[in-house]
Amino acid sequence: PPRGVPPPPPATTADLAFGRYTFTDAANVENDAAFAMDVKAMFKAEDATAAAAVYTTGVSSAALSGAIGVTSLQTMSTFASQYMEKDALFNIFKYALYDDEDLSDTSGEDFTYADDVVMEALNDAEDPKLGAESSVVLNVWMVIANRLYSAVRLCEEGVDARPFIDSAVALWIGKEQAEGKYDHGWMMYSIGQSGAKYFGLPEGEAPVNTQLMVMFNEAQQLASACTAANAEAADEKDMKKLRRKTDEILQKMTLPLVQSLLFHMIENNRNMVELYGVATAPHSIACDEDAFERLTNVTYYDYDRSTSLTPQVKNDLGDFLRCYRITCDDLKTTNKANKGLQNLVKNLCKHLDTDEPPTLAGYTPTNNIIEESRIDLDIAQMQIFMTTKAYEEAYDLYYYGRNSLKEDGSVRALQELATSSNRNLVQLFATFKKYQGGEKFANTQIEDAIYQDEIYANAGRHQLQQIVERTLQTSVMYMTVFWHLQVALNMCNDGKLAEASKSWDQAVAYYTGSIEGPLAGGKEGGDGHSLFSLANEFCEEFDTCASNDGSDLNSDLLKYFKTGQDAIADSHCKKVERTMTWDVLPTATLPLIQATLYYAIVNDDPNLTGEEASIAAGSAIAYAVGPLVSAANETSGATIKRNFDFTKPPMPDGAAKVFEAMTYSLRGMGLDCKDVGKPMSRPDLDPCTVAIDEDNDGVAEATVAPIAPHQDTQTNLGDGLYVTTTYVDDRASIALDIKGMEGGLNQKEISLAKVIYESGENSEVYDENGKFKSLRSFQKMSTEETQHMDFMPLFNVFKYALQDSNGMFEGRDVRLYADTLVEETFTVASQSADITYLPAEAAVALNLWMHLAYTLERTLLLCESKMIRGEDGISAMDEAVAYWVGDGQIAGNSERGHLLYALTEKMGETFSTEDAGQARANINILKLFNAAKNDLSLPNACANSPTTYVQLRAKIYDIISQMSVPLIQGLIDSLRLNDRPRVKVYAHAIIPMVAQCDPVTFEYLKDKLMGMTYNVVEVDDIVQSIRSVYTCLGLQCSDIGVHTTEKDSLQDENGLQCVDPNVRTKLAGYTPTTDVREYASLDLDVLQLDILLKMKAYSAAMEVYTFGKNVRQESAAGGSLSLFQLATTSERSIVPEYDAFNRYFNGDDYADKIIRDAFQSSSDEMSDAEKHVTILRSSQVLIMYFAILQSINEAVDECETVISARAVEVSNAPGVNTAWDRAAALLIGSLEGTETGGSKNGYMFYDIAQSHCVEFGTCKDESKDSVVNDEIITLLFAGRGAVITNNCDALRKTAKELSSLALVPMIQSTLSAALKLTKDDSAQNRAEAAIYAKSLMPLVENADRDAAKALSDNLLPPGPSKKNKIASEVFAALSKVYGDLGVDCNLIGDAGGYDACSGSGGSDGPDLTILWIVLGVLAGLIIGFFLFRCCRRKEEEKKTLPENNPTFVTADGELNHSMDLLTKAFSSNPRAPAERDEMEGLNDASPSLDDDFEESPALGSKGSGSDII
């Protein structure tokens, strides 16, 4: 037969098994059973010599079927190597009983251990009976095993395997065996019967024999499927079943040997203990090598029950029995058995049957996962087969498995784990495939080693063994552990907690294995083959062993496994994920790292021959850890691969280089170098230090560079004030630089303080691999970090505010403003004893403050770009807190700390803002940091959730607002104390922010404080100016508090009390009835957009445009209302003009498209000036026009809704003013202030009208107030009155008139742009004209296509070839449509000699211009002279008339002008100021509505589905 199996005997039948088994070959079965007669002859021999003769030659003419030459009991052993070389148990016995050198090809050893024992019993002990029993339990038992193995091999080849099952049965029973009788028969059946007798069972067939008879029949039935006739019908599954059945039979066959051993141990029969020790103990080496050593020492050498049967031996026996699946029921005794035997069995049963899931190395699983843990037994046995060169059996065990059963009874195999598709669930699997060249990387390596193929063709026996064992222990089991953990997580997320728990426990089973036993730390000196065992194997070398000799790594890991188990039970799946990713993954990698480093040391030996097993071991383990190293650092991964390449001499770069490579990758693997430990054999190779070649001469100097701790190392800030999730102690250590600077300044060692400021001293900077790079310094925060801050809106505002006309600040790049100011303070400090610590204070307030803001805004940028992965976001928040709090800080203590937290505490004391032992700002900031951190805590939060960025942005801007508190307090404190050097520092730290709030206030404060022109008497006014921008900065008076010097004047109405703006703050004279301050602040977005566009900070400008800044929405996301939202909201469809614009622009996103195209245009397509005017004017006109009209129309709609809802319940109930007031806020804006006429510094329609009143002659008096704006305010009051009185018809009419009036500033802007183009058609002017034209084109086209064409031809690109007719044609075109637009042309006015109403005037050509001017001047002089003479004479006559000399009397009674005023409100005539004042008085006399109506959270208040919210 194939594969060296002896040919089977011819098929016949025989009956030697009590009629309970049908044999297929009578003759061969008779021959095999006849060996029992040889045993009988030996047993009955007169002496040992006679017995030996029978043993060596036989007396029964027996011959072992299918084994040529085996004709005696002795030849069963002496010929064993010829026909048992592939048998698993024979190889296990060889491995157990012989020295390693005996296993080599050159040893000449025949492995006749059984013969040796039998001959010793005959020759030395001179005991025929002992010799006879020895020949059965050693020689015959192993031959029976061979018969079963041969049957499986034949079945695999498709050959009839039944004759070999028959042979096994014949040899087990033998001739002359009576069924179920004690003291009868000669073969193993009889030994089984003796065991039952020893254990006190009544006479009858021993349970083991009964069970085996059933199993033999089942095996024969399975073997029948292997015949050639059934080969096509048979499949691999049938062969696997036969293989499994033979394994069960062999385990059951061991039971009589065990029973006999236990009995003789109690009986203290030394020779029999030795015999059954030899028959039994070698089996245990496949379960636990250390236990085998102890059992052999006890049973082979001078056994004495009183001293040998120790608790350890009992434990070892129990573990062996469990390994062989021998149960307590198998060892059942009765009271007839020896009492000592009964007690021994009870003791052993403690190791066997239990209702609870068995504990694994201290881990108590929820599920019974003992079968999964038994996979390490397969690894142990494969290691044996590779050592004995039983390569075929090693492959069969790898491919089919043996010791680990699945729930369906089939066998789990290592090859199945090594190639499982579930490995794809592991995130790192792709990295493994790439690094190792395919998805079957481990399987390929194992098979190549077993078959001595490819790179292992010339490998030695021990090298092959190490490749297979270590690859299974590391590559296969590491991946198996983690795909089970991933399955557990997936099941948890799916709500399948039972399945999740099972898979989690299975992962633990694969990690620990079964050999390590139940105790925490594993078996002392254990010899397992799991990852758990690997950690224990190397913990002594790296000084990471715990007190129980187990590895600290295992102790930590089992705690993490327990945490995950509990989290699954609590359905806390996020915790499961964090535990797996942050704790289990890095910790489970540590054993691989330690083993790799160990073999780097061992193999870094020039005397190695290349045949050492350590080379193979290092190669296999490095093969497993290499992908993980490469994922963290590709260069390090390449170094590992190069130095552990099995095909080349080991360690070409040396162990030091391997340590260095590993060190540089630790942080990327989530590890701290301290976790690895320092090798005891080479203490010079410390993973926490790396030799540095400072002069690049190839020689490492003595300098060592620190390595950053693992990223997940927590940092305790403020003595428990804030404990970070990630390592940020390096950032917090910057506080020690301030401490050092203060020390130097205090000792007047200015140069020392300056060196610390410039070069740094305590804060280490590491690269992405955790390698020390440099020292962080405060100066670098200004001189280096600011080069990366141009994306920040805030930093660009600072540059705008601080730069001169050349973009410089005090002669240096404006970006370096902080360093410039700090350097200046060093000079001041050297000259004055009163400001000793100013440079340190300035470095914190200027350099650190902006660097912290940069850290926050950089996080925002990464989040918006969806580039935050893993713990990046959490780490960024932790970094920010570290910069705020710093090292050495104590909670609530202004003296114990050095950074911004300490400064805030100091200012909190000065301004009485302490709350619960801390400054209120610090409390707020830490809460916000935690909230922001929570937003980023979910994996891929920025990538997966569209709201994360919006939420995070709101929190970060709130943080920055609170961060400004100590700066404002510091400035006010310095002003109150008249500390001018500190005033300058704090002014430059906070006043630039005012530029984005109020240009006028900024210029005032800039001159007084940054220019240092203020006088002491001006301080109160200056402080009030600072307070005026609190709201813009996101603050209230309570945030800043009251300075100690201000408390006495708080009761003085003209004193220093800080008052927050009224919720009904006036808007340029208009008084809203609801709080619309937020909406009025939208003009600050436009102002900031203007600033950023001037700074060419387009990404920052786009951010403000897209996400807004100053109008906070009360939504779940907590974001801001933005210009982009207004430009794209579908709520605009409520506006009647919507369809015209949608039709003209072929879509309703026209404004957004124009703006984005401008942002994205190249310099060739659009100059910076064109971009600026295009984006700014589009925001002011295209967007705001529809935002205003939307609110106006929503107010009408809201009025009608309110009337309908309240008609039944409340008569004449007050209306809701939100939408109408919102329209007012959007028309006017916050920058216009509260006074009538406005500030003339705004950005909204109100300001546009104001800016054109002089040019168009529409200013109402010398105040230069626009008549148009006066009309707007009057209509706003009229509309408010209509809303209050629920007069929806009046409101509708007012809304229509106000909508038309809003066109006037747009028309004036368009006409003004046409006049500009007539004189200068620069690209900037043309871009501006195009935007204004586009704001009118849809309406003009609806009214008059010819007019629209004229407007388009002259103002839209490319424009006319001649510019001299632009103004006349535009004026003429628009004059045709005023009536259609509902616009009073008189409100537009005249400009450039053109009359808006007629569209005529001016002159398009230059020919007669000068002549007409001269003639006009002369005619005017002449006419003026005659008029002057005439008028003067009439005035003299009028002075004497009585009507010009009136007498006033007091009026009594009151006249109600309400209806009169409403009538006037709907008139097209200009309103007089007095009439508007009467209207305001009427509206103010109405009941207060503050408590009656809710505010609208966003512009689009018409329903919850608004796009704006």
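Conventions adopted
- The numbers attached to residues start from 1 for each chain and follow its sequence in the written order.
- Totals for whole chains, interfaces and linings use all residues, but because this is a predicted model, local features are given only for residues with pLDDT of at least 70 and pairs of side-chain atoms are given and counted only at 80 or more.
- Values reported for side chains reflect all heavy atoms of the structure, with hydrogen atoms and water molecules removed beforehand.
- Secondary structure follows DSSP: runs of H or I at least 4 residues long count as helices, runs of E at least 2 residues long count as strands, and numbering of each begins at the N terminus.
- To sort residues, take the accessible area from a 1.4 Å probe on protein chains only and compare it with the maximum for the residue type: under 20% means buried, over 50% means exposed, and anything in between is partly exposed.
- Contacts are assigned to residue pairs with any non-hydrogen atoms lying within 4.5 Å of each other.
- Residue burial considers only the protein chains on display, and all accessible areas are found by Shrake-Rupley using a 1.4 Å probe.
- When DSSP finds two or more bridges between a pair of strands, those strands are recorded as paired.
- Classification of ring pairs uses Phe, Tyr and Trp, with its six-membered ring standing for Trp, and accepts pairs whose centres are within 6.5 Å; under 30 degrees between planes counts as stacked, over 60 as edge-to-face, and the remaining range as tilted.
- Cation placement over rings: the criterion is NZ of Lys or CZ of Arg within 6 Å of the ring centroid and within 35° of the ring normal.
- Salt bridges are identified by distance alone: a Lys or Arg side-chain nitrogen within 4 Å of an Asp or Glu carboxyl oxygen.
- Cavity: a set of points on a 1 Å grid over the protein atoms alone where a 1.4 Å probe fits but cannot get out. Pocket: an open set with protein on both sides within 12 Å along at least five of seven lines, its lining residues, like those of a cavity, having an atom within 4 Å of a point.
- Grid points are joined across faces, edges and corners, and a volume is the space filled by probe spheres set on the points.
- Polar here means any residue outside two lists: the nonpolar Ala, Val, Leu, Ile, Met, Phe, Trp, Tyr, Cys and Pro, and the charged Asp, Glu, Lys and Arg; Gly therefore counts as polar.
- Buried residues of nine kinds, namely Ala, Val, Leu, Ile, Met, Phe, Trp, Tyr and Cys, make up a nonpolar core once their side-chain atoms join them within 4.5 Å.
- Axis lines are fitted to C-alpha atoms, over the contacting stretch for helices. Their N-to-C directions set the angle, which ranges from 0 to 180 degrees.
- With respect to orientation, any angle under 35 degrees is reported as roughly parallel, any angle over 145 as roughly antiparallel, any angle of 65 to 115 as roughly perpendicular, and every other angle as oblique.
- Patch membership requires over 30% relative accessible area and the absence of a salt bridge. Like charges are linked within 9 Å, and nonpolar side chains (Val, Leu, Ile, Met, Phe, Trp, Tyr) within 5 Å.
- This count recognises Lys and Arg as positive and Asp and Glu as negative, with His and chain-terminal groups excluded.
- A single reference atom marks each charge: NZ on Lys, CZ on Arg, CG on Asp, CD on Glu.
- Note on disulfides: each one is a pair of cysteine sulfur atoms within 2.5 Å.
- Any pair of nitrogen or oxygen atoms within 3.5 Å is treated as a polar contact; in protein, a donor-acceptor pairing is required on top of that, and neighbouring residues in sequence qualify only through side-chain atoms on both sides.
- By definition, turning the near helix anticlockwise from the far helix through less than a right angle yields a left-handed crossing, and turning it clockwise yields a right-handed one.
- Per-residue confidence from the prediction method is given by pLDDT, with values spanning 0 to 100.

S.K.: Tell me about the overall build of the protein, residues and numbers included.
M.R.: Each helix and strand in the protein was counted, giving 69 helices and 16 strands. The proportion of buried residues among the 1509 residues of the protein is 57%. Of the contacts formed within the protein by residues at least 6 apart in sequence, a portion of 68% connects residues at least 24 apart. Here the protein displays about 59600 Å² of accessible surface, and carbon together with sulfur accounts for 49% of that area.

S.K.: Pulling in residues and values, what's your account of the pairing of strand 7 (residues 763-766)?
M.R.: Pairing analysis gives 4 bridges linking strand 7 to strand 8 (residues 772-776), with the strands arranged antiparallel. Bridge pairing links Glu-764 to Leu-775 in strand 8. Linking strand 7 to strand 8, which pair antiparallel, is a turn of 5 residues; within it Gly-770 sits at a positive phi near 85 degrees.

S.K.: Kindly report on the packing of aromatic side chains, identifying the contributing residues and their values.
M.R.: Taken as a whole and judged by the stated rule, the model has 39 aromatic pairs. Geometrically, the ring pair formed by Tyr-198 and Phe-263 is stacked, given 3.8 Å between the ring centres and 5 degrees between the ring planes. One end of the pair, Tyr-198, is in helix 10 (residues 188-198); the other, Phe-263, is in helix 12 (residues 236-267), with 65 residues separating them in the sequence. Each member of the pair, Tyr-198 as well as Phe-263, is classed as buried. Taking the ring centre of Phe-43 as reference, the NZ or CZ of Lys-129 above it sits at 5.0 Å. A cation over an aromatic ring shows up here: Arg-980 above the ring of Tyr-1014, its NZ or CZ 4.2 Å from the ring centre.

S.K.: I'd like to hear about the pattern of salt bridges, residue by residue, with values.
M.R.: Under the counting rule described, the total for this entry stands at 67 salt bridges. We note a salt bridge from Glu-179 to Arg-20, for which the minimum N-O separation is 2.8 Å. Of this pair, Glu-179 sits in the loop between helix 9 (162-173) and helix 10 while Arg-20 sits in the segment before helix 1 (26-33), placing them 159 residues apart in sequence. Counted as one network, the salt bridges with shared partners bring together Glu-218, Arg-244, Lys-245 and Glu-248.

S.K.: Describe empty space enclosed by the protein, naming the residues involved and giving the relevant values.
M.R.: Considering all chains together, one arrives at 10 cavities of 30 Å³ or more under this definition. Computed from the structure, the largest cavity encloses a volume of approximately 150 Å³. Around the largest cavity, the lining residues are Ala-88, Leu-89, Ile-92, Tyr-149, Asp-247, Leu-250, Gln-251, Ala-286, Tyr-324, Gln-381, Arg-402 and Asn-403. Those elements that provide at least two residues to the lining of the largest cavity are helix 6 (88-97) and helix 12. A class-by-class count of the residues in the lining of the largest cavity yields 7 nonpolar, 3 polar and 2 charged. Size it by volume and the second largest cavity reaches roughly 100 Å³. Surrounding the second largest cavity, 13 residues form its lining, Val-152, Arg-153, Arg-243, Glu-393 and Asp-396 being those nearest its centre. Listing elements by their share of the lining of the second largest cavity, those giving two or more residues are helix 8 (128-156), helix 12 and helix 20 (391-400). The leading source of residues in the lining of the second largest cavity is helix 8, at 4 residues. Looking at the lining of the second largest cavity residue by residue, the classes come out as 2 nonpolar, 1 polar and 10 charged.

S.K.: Which residues make up the nonpolar core, and what values go with them?
M.R.: Core analysis: the largest hydrophobic core is formed by 238 residues, its most contacted members being Trp-141, Trp-172, Leu-331, Trp-504, Phe-561 and Ile-593. Element by element, the count of residues in this core is highest for helix 8, at 17 residues. If we skip the residues at most four places from it in the chain, Leu-331 touches Phe-199, Leu-255, Val-258, Gln-259, Leu-262, Leu-321, Ile-326, Val-345 and Leu-352. One finds Phe-809, Ala-989, Val-1086 and Leu-1093 within the second-largest nonpolar core, a separate group that totals 232 residues.

S.K.: Hey, could you go over the packing of helix 39 (residues 838-864) against helix 44 (residues 946-963) for me, with residue numbers and the actual values?
M.R.: Contact geometry for helix 39 and helix 44: axes closest at 10 Å, N-to-C directions at 175 degrees. As far as their axial angle goes, helix 44 and helix 39 are roughly antiparallel. In contact with Trp-849, Leu-852, Ala-853, Leu-856, Glu-857, Thr-859, Leu-860, Cys-863 and Glu-864 of helix 39, helix 44 contributes Thr-948, Tyr-949, Leu-952, Arg-953, Ile-956, Tyr-957, Ile-959, Ile-960 and Met-963. Class assignment of the residues belonging to the contact of helix 39 with helix 44 gives a composition of 13 nonpolar, 2 polar and 3 charged.

S.K.: Got a sec to walk through a negative patch on the surface? Specific residues and values, please.
M.R.: Where like charges cluster on the molecular surface, the negative patch consists of Glu-46, Asp-47, Asp-116, Glu-120, Asp-124 and Glu-126. Residue placement: Glu-120 occurs in helix 7 (residues 113-123).

S.K.: Summarise the state of the cysteines; cite the residues concerned and give the values.
M.R.: In the structure shown here, the tally under the stated rule is 12 disulfides. With its sulfur 2.0 Å from that of its partner, Cys-673 forms a disulfide with Cys-688. An S-S torsion of about 105 degrees defines the bridge between Cys-673 and Cys-688 as right-handed. Residue Cys-673 is found in helix 32 (residues 673-676), and its partner Cys-688 is found in the loop between helix 32 and strand 3 (689-691); the two are separated by 15 residues along the sequence.

S.K.: I'd love a proper account of helix 64 (residues 1366-1375), names of residues and values included.
M.R.: Owing to its 3.6 residues per turn, the α-helix aligns residues three or four sequence positions apart on the same side. Of all 10 residues that make up helix 64, 8 are buried, and the element is covered over most of its length. Taken as a whole, helix 64 has its buried residues at Ile-1366, Ala-1367, Ser-1368, Val-1370, Phe-1371, Ala-1373, Leu-1374 and Ser-1375.

S.K.: Could you give an account of the environment of Thr-1129, naming the residues involved and the relevant values?
M.R.: Note on placement: Thr-1129 falls in the loop between helix 53 (1123-1128) and helix 54 (1138-1145). A relative accessible area of 0% places Thr-1129 in the buried class. C-alpha of Thr-1129 to C-alpha of Asp-1148: the two residues are 19 residues apart in sequence and 8.8 Å apart in space.

S.K.: Kindly report on the side chain of Thr-579, identifying the contributing residues and their values.
M.R.: Along the polypeptide, Thr-579 turns up in helix 28 (residues 573-603). Residue classification places Thr-579 among the buried residues on the basis of a relative accessible area of 4%. Within the structure, the side chain of Thr-579 is placed 2.8 Å from the backbone oxygen of Lys-575, a separation counted as a polar contact.

S.K.: I'd like to hear about the packing of helix 12 against helix 17 (residues 339-349), residue by residue, with values.
M.R.: Interaxial distance between helix 12 and helix 17 falls to 9 Å at its minimum, and their mutual angle equals 125 degrees. On the basis of the axis angle, helix 12 is oblique to helix 17. Here the hand of the crossing between helix 12 and helix 17 comes out right-handed. The residues of helix 17 that touch helix 12, namely those facing Leu-262, Phe-263 and Ile-266, are Gly-340, Leu-341, Leu-344 and Leu-348. The class makeup of the residues in the contact of helix 12 with helix 17 is 6 nonpolar, 1 polar and no charged.

S.K.: Describe the confidence of the model for the protein, naming the residues involved and giving the relevant values.
M.R.: Residues at a pLDDT of 70 or more form 87% of the protein, whose mean pLDDT is 86. Note that residues 1210-1215 has pLDDT below 50 and, in this model, 16 contacts with residues that lie over four places away or in other chains.

S.K.: Give me the environment of Thr-836: which residues, what numbers.
M.R.: Mapped onto the elements, Thr-836 comes out in the loop between helix 38 (817-831) and helix 39. Note on Thr-836: relative accessible area 15%, which makes it buried. C-alpha separation for the pair Thr-836 and Leu-745, spaced 91 residues apart in sequence, amounts to 6.0 Å. Those residues within four positions of Thr-836 in sequence are excluded, and the remaining contacts are Leu-745, Asn-746, Lys-748 and Ala-829.

S.K.: Residues and numbers for unusual backbone geometry, please.
M.R.: Looking along the chain, the bond that leaves Pro-1357 and enters Pro-1358 is cis, with omega of 5 degrees. Structurally, Pro-1358 is set in the loop between helix 63 (1345-1355) and helix 64. Residues other than glycine seldom take positive phi values, yet Arg-325 does so here, at roughly 60 degrees. For Arg-325, the location among the structural elements is in the loop between helix 16 (311-323) and helix 17.

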